[in-house]
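Descriptive structure summary
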Amino acid sequence: GKYILVNIPEFKLHVIENSKEIFDIDIIVGKTATRTIIFNGLLKYVVFSPYWNVPQSIVRNEILPALKRNSQYLRSNNMEQIGFEAGLPVIRQRPGPDNSLGKVKFIFPNIYNIYLHDTPAKSLFKQERRAFSHGCIRLKEPRKLARYLLKNQKEWTDDQIKIAMNARSEKWVILKEPLP
């Protein structure tokens, strides 16, 4: 049937239908220290204009040191603290053009908290070897994947997808046909 295959060493995402490739998209995968995990999942949600809930490891290793250097770090990066967990602040980045997840993310629930997403760092796609992320898979053409996933949900025209991707408020869409 239909499925998505993320080929990590090839730095490509392939969309397959009936054993034939429909299209592929260049991707960025995890760095050596934060490799992208190999597993299976079921893509169930598209989230337009997403918040980025910063993983605690990034809060501990990157954000707290940045806050020590610059007390305005959160404000200047469109971030907010929304609580505490295990002695660490819970940080999220608001939707917007500089959001680390870009304008859309695609969720296949998993214990690793890995998902597919857009990125504002488009220049990284010029590199041949694209291992730059903290483990998630960044997409060069996220709108193309959104159009494909939502093609059978008539309310999601190309214009509606573009509007949702550029909104400043998060919008979750449940896929009528989840995709492995």
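Above this text is the structure in question.
Below or above, wherever it landed, is the structure these notes cover. Every chain is numbered independently, its residues counted from 1 as its sequence is written. Owing to the predicted nature of the model, reporting of local features is limited to residues with pLDDT of at least 70; listing and counting of side-chain atom pairs is limited to 80 or more, with chain, interface and lining totals taken over all residues. Each side-chain value is worked out from all heavy atoms of the structure, with water and hydrogens disregarded.

1. A short note on the environment of Tyr 112
Put simply, the rule is: Counting from the N terminus, the helices are DSSP H or I runs at least four residues long and the strands are E runs at least two residues long. Residues are treated as being in contact if the distance between any of their heavy atoms lies within 4.5 Å.
Along the chain, the position of Tyr 112 falls in the loop between β8 (104–107) and β9 (116–117). In this structure, the C-alpha to C-alpha distance between Tyr 112 and Lys 44, residues 68 residues apart in sequence, is 16 Å. What Tyr 112 contacts, discounting residues up to four positions off in sequence, is Ile 37 and Phe 39.

2. Concerning the packing of aromatic side chains
The condition that has to hold: Centre distance within 6.5 Å is the pairing criterion for rings of Phe, Tyr and Trp, where only the six-membered ring of Trp is used; planes under 30 degrees apart are then read as stacked, over 60 as edge-to-face, and the remainder as tilted. A ring is considered to have a charge above it if a Lys NZ or an Arg CZ atom is located within 6 Å of its centre and within 35 degrees of its normal.
In the structure shown here, the tally under the stated rule is 5 aromatic pairs. Through successive ring pairs, a cluster of aromatic residues spans Phe 39, Phe 108 and Tyr 112. The cationic tip of Arg 92 hangs over the ring face of Tyr 51; the distance from NZ or CZ to the ring centre is 3.7 Å. Above the face of the Tyr 115 ring, Lys 105 is positioned so that its terminal group lies 4.9 Å from the ring centre.

3. Some thoughts on the environment of Pro 95
When you line up the elements, Pro 95 lands in the loop between β7 (88–93) and β8. On a C-alpha basis, the gap between Pro 95 and Ser 57 in space is 21 Å, while along the polypeptide they are 38 residues apart.

4. Some details on the nonpolar core
To be explicit about the condition: Nonpolar cores are built from buried Ala, Val, Leu, Ile, Met, Phe, Trp, Tyr and Cys residues. Side-chain atoms within 4.5 Å join them into one set. Relative accessible area decides the class of each residue, using a 1.4 Å probe on protein chains only: under 20% of the type maximum gives buried, over 50% gives exposed, and in between gives partly exposed.
By size, the foremost hydrophobic cluster in this structure holds 30 residues, and its most contacted members are Leu 43, Phe 48, Phe 106, Leu 116, Leu 139, Leu 145 and Leu 149. For this core, the elements supplying multiple residues, two or more each, are β2 (12–17), β3 (20–30), β4 (43–48), β8, β11 (137–139), α3 (142–149), α4 (158–165) and β12 (171–179). Discounting chain neighbours no more than four positions away, the residues touching Leu 43 are Ile 4, Phe 106, Ile 107, Phe 108, Leu 116, Leu 149, Leu 175, Pro 178 and Leu 179.

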